[in-house]
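Architecture at a glance
Below, each chain spelled out in residue letters.
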Amino acid sequence: MNLENVDDVYRLTPIQEGILFHSISEPESGVFVQQIEIDIVGLVKLDFLQKAWSELVENHSVLRTMFVWDGLDEPLQLIRSHVELDWQIEYLSGPKSSSSGNQVEDFLYQDRKRGFALESAPLMRLALFQKAEREFKLIWTFHHLILDGWSTSLLLKEVFETYASLALNSALKPQRKPERSFDFKEFVASVLEFENEGVESYWKTQLAGFRSVEPIVDRFDSKGPKDGTQPRLVDQSETFLTETGSESLRSFSTRNRITLNSLFLGGWAYVVSQYTGQTDVVFGTTVSGRSPDIPNVDIGIGLFINTLPIRIRLNTEEGLADWLKKIQSQQIQTRQYERCSLPQIQRWSEVPANQNLFDSIVVFENYPESGEWNLGDLDFEVSKIQHHEQSNYPLALLVVPGNRIRLILVRDPSHFSDLFCRRMLDHLKQVLTCMILADTKSVGDLEMLSNEELSEIDLESYSKFPFKPESGVNCIDLFQSAVDSYPNEVAISAGKSSLNYEQLSQLSDQLADQLQALGIQDGDHVGLMVTPGLDLAIGIIGILKSGAAYVPLDPEYPVGHLQFICNDSQIKLLVCGEKIESALQVQRVSIPKITDQRSPFTNTPKSIVSNESPAYLIYTSGSQGKPKGVRISHDNLAYSTLARKEYYQETPNNYLLLSSFAFDSSVAGIFWTLCFGGTLFVPPDKIEQDMEALGDFILENRISHLLCLPSLYYLMLEQNPNNLNSLDVVILAGEVCHPNVVKRHIDRMPNTKLFNEYGPTEASVWSTVARVDNETPGNKIPIGIPIPGAKIQVLGPSGKMVPDGVSGEVCISGPGVASGYWNRSTLSDQKFVRGGSGTEERFYRTGDRAYRRLDGQLVFDGRMDEQVKIRGFRIELNEIANHVLAHSGIRESVAVVRHSHSDRIFKSVDEILYELGKLGPSQASLLLELVESGNASESVIKEAK
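Section: the sheet that holds strand 13 (residues 395–400)
Judged by pairing direction, the sheet is mixed, and its six strands sit side by side in the order 8-14-13-11-9-10 without closing on themselves. Taken across any chain shown, the strands that pair with only one partner, and hence form the sheet edges, are strand 8 (235–240) and strand 10 (306–313). Neighbouring strand axes in the sheet, compared pairwise and without regard to direction, differ in orientation by 25 degrees on average. Here strand 13 runs beside strand 14 (residues 406–411); their pairing, made up of six bridges, is antiparallel. Counted as the bridge partner of leucine 398 is isoleucine 408 from strand 14. Packing of helix 8 (residues 260–276) onto the sheet brings it into contact with strand 9 (280–287), strand 10, strand 11 (360–364), strand 13 and strand 14, and relative to strand 9 it is tilted by some 145 degrees.

Take a look at the structure:
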């Protein structure tokens, strides 16, 4: 190490070490390059200005600092005895003008990109731009390693008072050596010597239970590249509060004895909570580091600040003032532990080492007042000082006090767009406005959307298709109308067999007669166990005509699971198809066969059911280990079916039923087809596992409509695109649609309409729909807009509507929403609720997350819980884990999803449970072998002994 021209050598503070590490790792990022842009009006004497800055550097050793690390056990900072400042002079007007236009803006960008060689001093430079005869712009660029914001305010006061003294022939004595002084080296020593026995316990307690950060995400698709094709230079978006608003915040702060800093921390916490869907948030806050127990630290020059985590929990019932005071108390308590390094706090937290503890910070810039300088009668005025702040975090909120409080969001442009940040600032302003209103009593009263934005989003929540189904109409009536209109047309085709509408009507009447003769009444539940074929339609229509609701029972499911459904649903009878053998303890009724004469039973009335009565009861996976039944009424079913006719306009000619009738997507094709005179085609069992056979089936039967999983359709496009030309409409549903599926469809099936549907069982199969084509923007395929007659709200953790681009829980209201879960009143009360977004409207909380694009289209964004979708089936991982725990040889279990190369396709969680059920209590050791062999397909269940 060359120690010539070196006055001193000492270690770095922890925050300096962190900045040095990031600066070395990303040398062209520009993140820690700070710039101050100073507008000057008057006469500038360049020689005196340069001399004033040189004297400033001589007076303060930190301005002559460089850093060395290569070959050392730990990095060091060296103080040079003397350095030469780098100046750049540019003329933007007059005879010396070199260019015009955006030269200053371009300079700022290139200057940040240029960065600094940290092993050379000084780590600062200056540039002076003359814009006009009496207009100048001075740009001071320095590295954050040597200075914080408080220091820059002190230095600007000193340098301009020195300049004034020099320019006025020393009429003013420059204050080059203040009476009080503080050497940054003293602060470094105090930080490195800091010890507090309670610091580890304090931070562990503060962060206990917090395990991961839900990131803030910009979904407007208007950001820069993330692939490293350009330096990660930061940018900023900003806004101002009004003078009245700023004064109102100060008054509120004074009345409630709450600091402005605490108000903004609370405001940011609320916004982050709404943007991330979390009620427990952690972000960073920058503290000055100038502890009052260190003499003269207030005049020290250097990097004193530290960034610490703050954890804020949001409870909508908590009083607003009490909540803000709690935040303030936490800040006060943290002061005695603020010299601790952030990396050390991270190690004490429960957040994994490879994840950041937070991704945004708040900086309250309470610096000494700028501009209150003694410049005498100098013809020189600093009209504006603008700090171009940088941050190594994706988002940094800077709060600058003043008559009009200034809010700045420093952003990484590869993560966040200006549009997104400006909207976020508007939402923060709205929250702050709410805080000072008299009617804001609790945290739950806060609102981050303006009345205008609320109105716009509320309008987008409703379907763009005004539609109200005809009162009293049900699908039995619709089917009978089809029978009257198309008696001889084929209603259902399966293999070499088929039924026309008249035949299907007669056979379903016979079944209904049998059921009624056995005591079935309106509202009863009747089980239906059939193989794919004609029996499917006869059974469903016949049960509905009897007044009962059908309960689908797939004969391939485990007997134990089917018996649970029979017992839970309290079915009165079991309608079985031919060749069905079952050990279920329920009275059986056989599907009628085609005969030349009608059954001797009495004719069934055309419609005997009440529209409020159930049409079907279908079971979905349950998180507590028990499937839950969803009871769909005739009103729900008729609405869902008529809404299809309204939206799609064209009813199916030939519809291919690829879904199991125990899966709710089957409802869409069965009733949409049979209620309007189309032909329902039931293919051979498991045809979806043979792409060649499936393609041939579509071609031979001129299939016009189908609904299937996106993954299945992709395979169809890959292997049999020429056999799909008869398709008019393809509907994708049941799982997330990847853009590759759409791209392949557009390339190979440009004349076939493609739609992406979304909807839970609890809302009668479908709730939103998107027409997908080559105009669909973005890298995520939308789930669309509300279907005719429906309303979709996206709500945040406080139960309020979130803005466009922000993910929240999908909540559905309208005629398709079921009344609740069968025999699960507590769960029904949790999921089917009233009072959404300030109304008494009843809606279903799906547990799905989505966000609304600027064009009103919804985009699916995952689950709020551990439920997963595998090949279109809803699977509760907790259900599997709870079943595993039933074995005496297993103490703990967890279920996760994995990708498998197994050829075995599980139709639902029930098949997985069936395989697990083969294990006896003494065979728990076989469990891991089962899943590792691939037999558990998409789920892995690990035992902990």
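Notes on the pattern of salt bridges
On inspection of all chains with the given rule, the structure shows 35 salt bridges. Put simply, aspartate 8 and lysine 185 hold a salt bridge, and the shortest N to O gap is 3.1 Å. Placement of aspartate 8 in strand 1 (residues 6–10) and of lysine 185 in helix 5 (residues 184–192) is noted, with a sequence separation of 177 residues between them. Residue classification places lysine 185 among the partly exposed positions, given a relative accessible area of 34%. Between arginine 422 and aspartate 418 there is a salt bridge; the shortest N-O distance is 2.8 Å. Of the two residues, arginine 422 and aspartate 418 both sit in helix 11 (residues 418–435), four residues apart, roughly one turn of that helix. The exposure class of aspartate 418 is partly exposed, given its relative accessible area of 28%.

Notes on the packing of aromatic side chains
The geometry of an aromatic ring pair is captured by two quantities: the separation of the ring centres and the angle between the planes. Following the criterion strictly, the structure yields 32 aromatic pairs and no others. Between tyrosine 647 and tyrosine 648, the ring centres sit 4.9 Å apart and the planes meet at 90 degrees, which makes this aromatic pair edge-to-face. In this pair, the class of tyrosine 647 matches that of tyrosine 648, namely buried. Relative to phenylalanine 860, the ring of tyrosine 758 lies with its centre 6.4 Å away and its plane at 40 degrees, an arrangement referred to as tilted. Taken as a pair, tyrosine 758 in strand 27 (residues 753–758) and phenylalanine 860 in strand 34 (residues 858–863) lie far apart in primary sequence, 102 residues in all. Joined through ring pairs, the aromatic side chains of Phe465, Tyr647, Tyr648, Tyr655, Trp672, Phe755 and Trp766 make up one cluster. Above the ring of phenylalanine 116, the side-chain terminus of arginine 125 is found at 4.1 Å from the ring centroid. Between the NZ or CZ atom of arginine 290 and the centre of the ring of phenylalanine 304, over which it lies, the distance is 4.1 Å.

Points about the nonpolar core
Counting residues in each nonpolar core, the largest one holds 140 residues, and the members touching the most others are Phe264, Trp268, Trp323 and Phe671. Those residues in contact with tryptophan 323, other than ones at most four positions away along the chain, are Gly266, Ala269, Ile312, Arg313, Leu314, Glu318, Met435, Val443 and Leu446. Core analysis: the second largest hydrophobic core is formed by 61 residues, Phe32, Ile36, Leu155 and Phe187 among them.

Some points on a negative patch on the surface
Negative charge collects at one region of the surface, where Asp690, Glu692, Asp696 and Glu700 lie side by side. Within the secondary structure layout, aspartate 690 lies in the loop between strand 24 (679–682) and helix 19 (691–700).

Examining the pairing of strand 7 (residues 135–143)
Within strand 7, eight of the nine residues are buried, leaving the element largely enclosed by the surrounding structure. One ladder, built from nine bridges, connects strand 2 (residues 33–42) with strand 7; its direction is antiparallel. Pairing of valine 33 across the sheet is with histidine 143, part of strand 7. Where strand 6 (residues 124–132) meets strand 7, eight bridges bridge the pair, whose relative direction is antiparallel. Looking at the pairing, arginine 125 lines up with threonine 141 of strand 7. Counting the residues between successive antiparallel strands, the hairpin from strand 6 to strand 7 contains two residues.

Reading the values: rules and limits
- Residues numbered from 1 in each chain as written.
- Predicted model: local features only at pLDDT ≥ 70, side-chain atom pairs only at ≥ 80, totals over all residues.
- Heavy atoms only, no water.
- Pairing = 2+ DSSP bridges.
- Helix = DSSP H or I, 4+ residues; strand = E, 2+ residues; numbered from the N terminus.
- Axes fitted to C-alpha atoms, helices over the stretch in contact; angles between N-to-C directions.
- Contact = heavy atoms within 4.5 Å.
- Salt bridge = Lys/Arg side-chain N within 4 Å of Asp/Glu carboxyl O.
- Buried < 20%, exposed > 50% of the residue type's maximum accessible area, 1.4 Å probe, protein only.
- Phe/Tyr/Trp six-rings, centres within 6.5 Å; stacked < 30°, edge-to-face > 60°.
- Lys NZ or Arg CZ within 6 Å of the ring centre and 35° of its normal.
- Core = buried A, V, L, I, M, F, W, Y, C linked by side-chain atoms within 4.5 Å.
- Patch = residues over 30% accessible without salt bridge, like charges linked within 9 Å, V, L, I, M, F, W, Y side chains within 5 Å.
- Areas by Shrake-Rupley, 256 points an atom, 1.4 Å probe, with all protein chains shown as cover.
- Lys, Arg positive; Asp, Glu negative; His and termini not counted.
- Charge placed at Lys NZ, Arg CZ, Asp CG, Glu CD.

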